[in-house]
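# A look at the structure
Below are the chains, spelled out letter by letter.
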Amino acid sequence: MRDQWVKRLRFQHAGQVVVAAFAAAVAVGTALLMLPIATTAPGSAPVVTAVFHATSAVCVTGLSTVDTPNYWTPFGQVVILVLIQIGGFGVMTLASLLAIVLTKKLGLRSRLTAASETKAEGLGDIRSVLFGVVRVTCAVEILVATALTLRWWLGYGHSFGRAAYLGVFHAVSAFNNAGFALFSDNLMGYARDVWIIAPISAAIILGGLGFPVIMEVIRVRRRRRWSLHTKITLMMSTTLLLIGAVVITAVEWSNPKTLGQMGLGEKLLVGTFHSVSPRTAGFNAWDYGQVDEGTLLSTIILMFIGGGSAGTAGGIKVTTFFLLFVGIVAEMRGETHATIFERRIADRTMRQALNVALIGIAAVVASTLILTQISDIRLAELLFESTSAFATVGLSTGVTAKLPDAGQLLLVALMFLGRLGPITLVSALALRESTRRYTYPEGRPLIG
């Protein structure tokens, strides 16, 4: 009993530190963005505007209420860039370290199971995890920044300095799944340019897979003896990307405001990109205010599911979604336990997945309901904005700036919850080991 209380107190203390650290980063970012040197507007940025963009950057969301390249000065843009890097690095490091902490603080049987399935122990100690995240982050961002710099320098005639600035900013924003861009129309001006879209898409995908998956693929790429977590993440990421690309491209195929005026190759490029971006980068190469409602619904689903755990993506995560699907299939078959890849999924893990999904749904629905009461914007657009904020995506139909201050602050809270909530919640659930020494008589209320 004493060990359990100590375990809970340690996690509570760690959880408080994590929340406080991210809150402090938001506070510092807000103060910097409120400096007169950070904005082109007279005086300084309003408090709500500064808080909103600092939170959006630290939580690597990308939602914005102002025109980033024109409202913020180079100083303000660099502040946002640094906040994105801090937020993305912090999330990857935090999630990876918690994986190690969990396997070391659980009971022996739980620890062995977690270590074999998640490869958490294979990540090494804290120092190796930190250096590993730094190496992966720097390698991906440098490669993508180089490709983008060369394209903007040689292909569009920008000076090398300007091209390098654009390349670094968008590489960091892409790998950290932030979605901030230095163009007023985001990436709409480069929708047909494969040399811009492809590197950014690659960075988004890698950042969304998560550090443990990337490291495991690198280490065992020859034998392909991947852990269950890596198998699920890779399988679901690929499946959702392909399904999303097919559905979105098909729905927008004849829409003159999106894909209708493009050639075959360009349609496939842009359609695929808008299957990648909702998971959860937030870049857009078309105006989401002009898309079909079928595309809005498909994008909302992709945003809510999100990407891989221990990465820069948001949402409930692909592993959570897949476990829920497997659980439904097992129940329909009348099986006692859910199984996948010759592994039985623990009942406790299934309950954790259900908790995360239901809390996510509750947060999005409640926020959308509140927004409908304080604004006169369409329900579909408000649901899109709420999901984008919770899943830390950053895509928008263009109504974020139209929300009152109360609505924008609600999205701030939703971004913060969406970024830190799932990580701390799952960790808290995993650390809660208590065995009831008695059971009540079984009850079976009617279902359905």
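- The name an unreviewed UniProt entry gives the protein is TrkH family potassium uptake protein, with Dermacoccus abyssi as the organism.
- What UniProt states about the protein under its Subcellular location (unreviewed entry) heading is, verbatim, "Cell membrane".

### Structural notes on the overall build of the protein
- Counting secondary structure elements, the protein contains 16 helices and two strands.
- By residue count, 52% of the 448 residues in the protein fall in the buried class.
- Counting only contacts in the protein whose residues sit at least 6 apart along the sequence, the fraction spanning at least 24 positions is 71%.

### Description of a nonpolar patch on the surface
- Taken together, the side chains of V28, L32, L35, I37 and F75 present a nonpolar region at the surface, about 390 Å² in accessible area.
- With respect to the element layout, V28 can be found in helix α1 (residues 2-33).

### Observations regarding unusual backbone geometry
- Look at K317: it is not a glycine, yet its phi comes out positive at around 85°.
- Inspection of the secondary structure assignment puts K317 in the loop between α12 (293-305) and α13 (318-333).
- Given a relative accessible area of 11%, K317 falls into the buried group.
- The backbone of E342 sits at a positive phi, close to 60°, despite the residue not being glycine.

### Side note on the environment of G421
- For G421, the location among the structural elements is in helix α16 (residues 405-431).
- Note on G421: relative accessible area 15%, which makes it buried.
- On a C-alpha basis, the gap between G421 and G360 in space is 9.2 Å, while along the polypeptide they are 61 residues apart.

### Some thoughts on the pattern of salt bridges
- All chains considered together, the criterion is met by five salt bridges.
- Of the charged contacts, one joins R151 and D193 as a salt bridge, the two residues approaching to 2.9 Å between their closest N and O atoms. On the criterion of sequence distance, the pair formed by R151 in helix α6 (residues 126-155) and D193 in the loop between α7 (160-175) and α8 (194-209) is long-range, its members being 42 residues apart.
- What makes D193 buried here is its relative accessible area of 6%.
- A salt bridge links R378 to E293, with the nearest nitrogen and oxygen atoms 3.5 Å apart.

### What to know about α8
- The end-to-end C-alpha distance of α8 is 22 Å, a good match for the 22 Å that 16 residues give at a rise of 1.5 Å each.
- A distance of 2.9 Å separates the backbone nitrogen of W195 from a side-chain oxygen at the start of α8, and that oxygen is part of D193.
- Positive backbone phi, approximately 105°, marks G210, located one or two places after α8.

### Details of the packing of helix α10 (residues 228-252) against α13
- Contact pair α10 / α13: the axes reach a minimum separation of 9 Å and the direction vectors enclose 90°. Accordingly, the angle class assigned to the pair α10 and α13 is roughly perpendicular. Listed contacts from α13 to H229, I232, T233, M235, M236, S237 and L240 of α10 are V318, T319, F321 and F322.

### As for the confidence of the model for the protein
- Here the protein averages 84 in pLDDT, while 82% of its residues score no lower than 70.
- Taking the mean pLDDT of every element in the protein, the minimum, 42, falls on helix α5 (residues 108-118) and the maximum, 96, on α7.
- The low-confidence segment residues 5-12, where pLDDT is below 50, has 11 contacts with residues more than four positions distant or belonging to other chains.
- Between residues 105-123, whose pLDDT stays under 50, and residues either more than four places distant or in other chains, the model counts 39 contacts.

### Observations regarding the environment of T299
- Residue position: T299 is located in helix α12.
- In this structure, the C-alpha to C-alpha distance between T299 and S388, residues 89 residues apart in sequence, is 9.3 Å.
- Other than its neighbours up to four places away in sequence, T299 contacts I248, P278, Y288, F384 and L395.
- Within the structure, T299 has its side chain in polar contact with the backbone oxygen of T295 (distance 2.7 Å).

### Considerations on the side chain of T387
- You can see T387 is positioned in helix α15 (residues 379-390).
- T387 sits in the buried class, given a relative accessible area of 1%.

### What about the packing of aromatic side chains?
- Inspection of the entire model under this criterion finds 10 aromatic pairs.
- Their ring planes at 85° and their centres at 4.9 Å tell us that Y71 and W72 sit as a pair that is edge-to-face.
- With a centroid separation of 5.7 Å and 40° between ring planes, the pair formed by W152 and F183 is classed as tilted. Taken as a pair, W152 in helix α6 and F183 in the loop between α7 and α8 lie far apart in primary sequence, 31 residues in all. Of the two residues examined, W152 and F183, each falls in the buried class.
- Aromatic ring contacts, followed pair by pair, group W152, Y156, F183 and Y190 into a single cluster.

### A short note on the side chain of Q408
- One can find Q408 in helix α16.
- Here the side chain of Q408 touches L403 through a polar contact of 3.2 Å, landing on its backbone oxygen.
- With residues near it in sequence (within four places) discarded, Q408 still touches V48, F52, T65, T400, A401 and L403.

### Some thoughts on helix α14 (residues 347-374)
- Compared with an ideal rise of 1.5 Å per residue, which puts 28 residues at 40 Å, α14 spans 41 Å between its outermost C-alpha atoms and is within 8% of the ideal.
- Every buried residue of α14 is listed here: M350, Q352, A353, V356, A357, G360, A363, V364, S367, T368 and L371.

### Points about the packing of helix α9 (residues 211-219) against α10
- Interhelical geometry of α9 versus α10 gives an angle of 105° and a closest axis separation of 10 Å. By the angle between their directions, the pair α9 and α10 is classed as roughly perpendicular. Here V213, E216 and V217 of α9 come into contact with α10, specifically with H229, T230, T233 and L234.
- The residue makeup of the contact of α9 with α10, split by class, is three nonpolar, three polar and one charged.

What counts as what
Residues numbered from 1 in each chain as written. Predicted model: local features only at pLDDT ≥ 70, side-chain atom pairs only at ≥ 80, totals over all residues. Heavy atoms only, no water. UniProt positions renumbered as here; feature names shortened; annotations may be inferred. Helix = DSSP H or I, 4+ residues; strand = E, 2+ residues; numbered from the N terminus. Buried < 20%, exposed > 50% of the residue type's maximum accessible area, 1.4 Å probe, protein only. Contact = heavy atoms within 4.5 Å. Patch = residues over 30% accessible without salt bridge, like charges linked within 9 Å, V, L, I, M, F, W, Y side chains within 5 Å. Areas by Shrake-Rupley, 256 points an atom, 1.4 Å probe, with all protein chains shown as cover. Salt bridge = Lys/Arg side-chain N within 4 Å of Asp/Glu carboxyl O. Expected span 1.5 Å × (residues − 1). Polar contact = N/O pair within 3.5 Å; in protein donor to acceptor, adjacent residues only side chain to side chain. Axes fitted to C-alpha atoms, helices over the stretch in contact; angles between N-to-C directions. Parallel < 35°, antiparallel > 145°, perpendicular 65-115°, else oblique. pLDDT = per-residue confidence, 0-100. Phe/Tyr/Trp six-rings, centres within 6.5 Å; stacked < 30°, edge-to-face > 60°. Nonpolar A, V, L, I, M, F, W, Y, C, P; charged D, E, K, R; others polar.

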